[in-house]
Each structure stands twice: as C-alpha cells, then as structure tokens.
Amino acid sequence: MKHRIVVLGAGYAGAYVAGNLARRLSPKDTEITVVNAEPDLIQRLRLHQLAAGHVIEAPKLADVFAGTGIRLRLARVTAVDPERQIVTFTDTGELGYDTLVYALGSHVADHGVPGVAEHAFHVTARPAALRLRERLDSLEAERGRVVVVGDGLTGIETATEIAEARPGLSVALIARGELGARLSAGARGHLRRACDRLGVTVLEHTSVEAVEATRVLCAGGTALASDATVWTAGFAVDPIAAAGGMKVTQNGQIIVDDTMRSVSHPDVYAAGDSAYAIGDNGRPLPMSCASAGSTGRQATDAIVGRLTGRKIAKSKLDYPGNHISLGRRDGILQPVDDQALARPKYVGGRKAARIKTGILQISLWATSHPTFGLPTRRRRLADTPNASAKKALA
Ligand SMILES: Cc1cc2nc3c(=O)[nH]c(=O)nc-3n(C[C@H](O)[C@H](O)[C@H](O)COP(=O)(O)OP(=O)(O)OC[C@H]3O[C@@H](n4cnc5c(N)ncnc54)[C@H](O)[C@@H]3O)c2cc1C
C-alpha cells in the first residue's frame, strides 16, 4: 500500500509543497493528492489589482500539475478528522491520508465588528475581489465613495490601487493609529505623499465600530458615508483545523513545531498562513508570501526526511521586509531587522514598483512550476516500523 500524502490548498504554500514532494519522493511508494476549491492558481498577492480592474493571470491547476504525477481534486474541504485521518468535502466525498499538509491559507477577519460580514467587501479571495470590482464599476459614473478600513499592507495597497485605477472615485483610508506606523519615518513620509498624489483621504487615529450598508460608524460618533466599504483589518484561518481538534491559536492557525508538524497531531503538517510557526528570531512568522515559502520548504524537508529515514534539513525561517505597491508606478520596500522592526532605510518610487513587479513574477513562476524544473531525485521510503506495519496489513 502506498503512503498517501494529501495537501490541502494549492496556493503559494500548498503548490510548492506538493510539487517538491513529487520531485523528491518515489511514486513507487507515495501517492500525492492536492485538494483545492478553485480550478485556478490564484495570485492572492494581486487580488487588490483584480478588484481595481486589472487583468490577472490565473493558470489552470490541471496544467500546473500536469506531468508531475500529482492527483488534483477540485473540492471544498469542510472537515478534517485527524484521529481517523480523513478529509471531508462539500460534495460529501472523503479522502483518507497517512500524511496531511494543511495549507488552506486565510480569510478576512472581521474581529466581531457588527455589519462587516453583511455589508463590507474584501480582497482575500478571488470571488470577493470580483464582487468588489463589479461594485466599483457601478460606482464610477457617480463619483462613488470607497472607504478602505485598515492601514496594514493590504489596506494601503488596496486604497492606492483603486485610487490610481479609478480616479473618478473618492477613496478614503482609515488607520487606527498613525498612517503606516510600522514603517520607517522616511517610508511613512513617502506613503503620505503617495496618498496625497492619488487623492486618497487618510483618516488617522480612527477606530471603526460598525459597518452599515451606506455608512461606516467610528468611535466617538463620527459616521462616514460609504458606497463600498472594503474591510482589510486582518486575516484569520478557517475553523476547520480547530473543529477537528488540532491545537490552534485564537485566530485558528495550527500550532507547529520547528519542522512545521502539528504539536497535537504528528501526521499533520501546516504551511503558509494556516501555520503558527516561530521564526529564527523567536517571533511568530507573519502571514505572508515569504512565510509561505519558508514554512513550505521546511514542511517538505521534514516530510521527506522522516519518510525516507534521512536527517531533516533546517530551513531559514525569517522575514526580510515589506514590499508594498502604491499603484502600478510607485511602491515602498521596507527592510526589517531581526526583531521585525523597520530599518531606517527604505526604497521608494518606481524602483520599488519594479522590484515588487519582479517579486510577483517570481512568485507566480515558482507556484506555477511546482517541481521547479529541477532534476528529480525520487527517494524510496525507509522501512520504518509504520511502513512495515502497513506492508504487513496490505
Ligand atoms: C490583496 C492581498 C495582497 C497581499 N500582498 C502581499 C504581499 O505583497 N506580500 C506578501 O508577502 N503577502 C501578501 N499577501 C498575503 C499573502 O497573499 C498570503 O500570506 C499568502 O497567499 C499565503 O499563502 P498560502 O498558501 O498560505 O494561502 P493561499 O495563497 O491563500 O492559498 C490557499 C489555497 O487554499 C484554497 N482553499 C482555501 N480554503 C479552502 C477549502 N476549504 N477547501 C479547498 N481549498 C481551499 C484556496 O482556494 C487557495 O488556493 C497579500 C494578501 C492579499 C489578500
């Protein structure tokens, strides 16, 4: 009986892990299945661009995995039972596994603010970004008002992208504290000038208490008229892992050890936004594309090492900095130190925009070529007690 590896999610982390496992493990004794809800590879880093009106390439997953030996199952995961080692789908199908890689990413977190789920738009998934795009289309003729809540990276990118692509709209960005508080002083100044140039109204030190169909209600009683409220105030992980009894954080991330293995269920690995992993600096890695890469690499090394009886290679788990687009012609690259604090220097303007475009292209290439075009060295599984028991049962 082959060892069944099931990878949930084919985003930046899942596609990478699946492809690299297929490259490094022999198909003679492993069977790799990827499960994803959508048929396309979604470039999540560019969903704010999609919402603003740009055309974003979305390769078919069937093409991405063609020739790799990986089986693709298009289905939405509804449950994981780590005790019975079974994944359940919307279509009531089930799939058993021996090793599970959980890489379902994250979705928007409403933090319990009333009205967000009913009235706000978001850009954390393609259908949501397309809904926002449709709404923006309908607002352009009447100089509609767009309010973006949250001045994290997603909020900044979304507000500036919409303002640049749709100059007919009035765009406001709400920041809880000072705008771009986690950036260096120079980068903060750059961001403020970009918002001025693009006509983005910035409201600082403002907390949103509720979202209504046509208004955003702020602490202190201010009400802002809004025809489209875009909620970008954080990410959370689907409660699937928690419901299955895995040890998770408050926002649903699976708590893993330094090999990305679940601390509660040793057959389960997590990578990308779904994993609560501690970086080399002792701090939790941020939900980001870079973390999807490093946690994915470490999970792959650990699975290959354990299954083939080899030493587990240690991946670097760090976060080098923020690459923020400010529309298509401007950007900020903000390196951070080993405590995740902004370094004094930053790169801004067209150069930063070009570098960010390069990063997006590399991410797309890496995800859509999951075996990396590298030569295969497919290792046989070690005859571990687990494998021997399986053989005896087969
Ligand atoms: C607009 C925007 C801009 C961003 N910009 C940046 C940036 O500039 N730099 C950066 O580092 N990070 C950025 N991020 C964050 C980055 O996109 C995520 O950290 C990254 O996508 C995480 O990768 P992942 O593989 O964990 O999840 P994802 O890339 O989201 O992949 C998860 C996959 O799982 C699938 N899936 C989810 N639920 C289910 C289910 N129940 N059943 C089946 N399939 C399912 C999804 O369809 C998807 O294919 C941005 C995010 C957004 C929304």
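Residues numbered from 1 in each chain as written. Predicted model: local features only at pLDDT ≥ 70, side-chain atom pairs only at ≥ 80, totals over all residues. Heavy atoms only, no water.

Enquirer: What's the story with the site of the ligand in this structure? I'm lost.
Expert: Residues in close proximity to the ligand total 30 residues, the closest being Ala13, Val77, Asp273, Cys289 and Lys356. Asn36 has a polar side-chain atom sitting 2.8 Å from an oxygen atom of the ligand. In the environment of the ligand, a nitrogen atom lies 3.0 Å from a nitrogen or oxygen atom belonging to the backbone of Ala37. Expressed as a share of its isolated accessible area of 1,000 Å², the protein-covered part of the ligand is 91%. When contributions to the shell around the ligand are tallied by element, the ones reaching two or more residues are α1 (12–24), α6 (153–165) and α9 (289–308). Looking at the shell around the ligand, the element that brings in the most residues is α9, giving 3 residues. (Near = heavy atom within 4 Å. Polar contact = N/O pair within 3.5 Å; in protein donor to acceptor, adjacent residues only side chain to side chain. Areas by Shrake-Rupley, 256 points an atom, 1.4 Å probe, with all protein chains shown as cover. Helix = DSSP H or I, 4+ residues; strand = E, 2+ residues; numbered from the N terminus.)

Enquirer: I keep staring at the nonpolar core and nothing clicks. Help me out?
Expert: Proteins that are soluble and globular tend to have nonpolar side chains buried together. Among the nonpolar cores identified, the biggest contains 50 residues, and Leu8, Phe65 and Val80 are the most heavily contacted of them. The element that contributes the greatest number of residues to this core is α1, accounting for 6 residues. Ignoring anything within four residues of it in the chain, the contact list for Leu8 reads Val35, Val77, Val80, Val87, Leu100, Val101, Tyr102, Ala103 and Leu104. Residues Leu50, Ala159, Val200 and Val230 belong to the second largest nonpolar core, which totals 34 residues. (Core = buried A, V, L, I, M, F, W, Y, C linked by side-chain atoms within 4.5 Å. Buried < 20%, exposed > 50% of the residue type's maximum accessible area, 1.4 Å probe, protein only. Contact = heavy atoms within 4.5 Å.)

Enquirer: Could you clarify how one ought to interpret the sheet that holds strand β11 (residues 200–203) in this entry?
Expert: Paired through their backbone hydrogen bonds, the strands of a sheet run either parallel or antiparallel. With parallel pairing, 4 strands are arranged side by side in an open sheet as β11-β10-β9-β15. Every interior strand has two partners, whereas the edge strands, β11 and β15 (228–231), have only one. Strand after strand, the sheet turns through a mean of 20° between neighbouring axes, direction not considered. (Pairing = 2+ DSSP bridges. Axes fitted to C-alpha atoms, helices over the stretch in contact; angles between N-to-C directions.)

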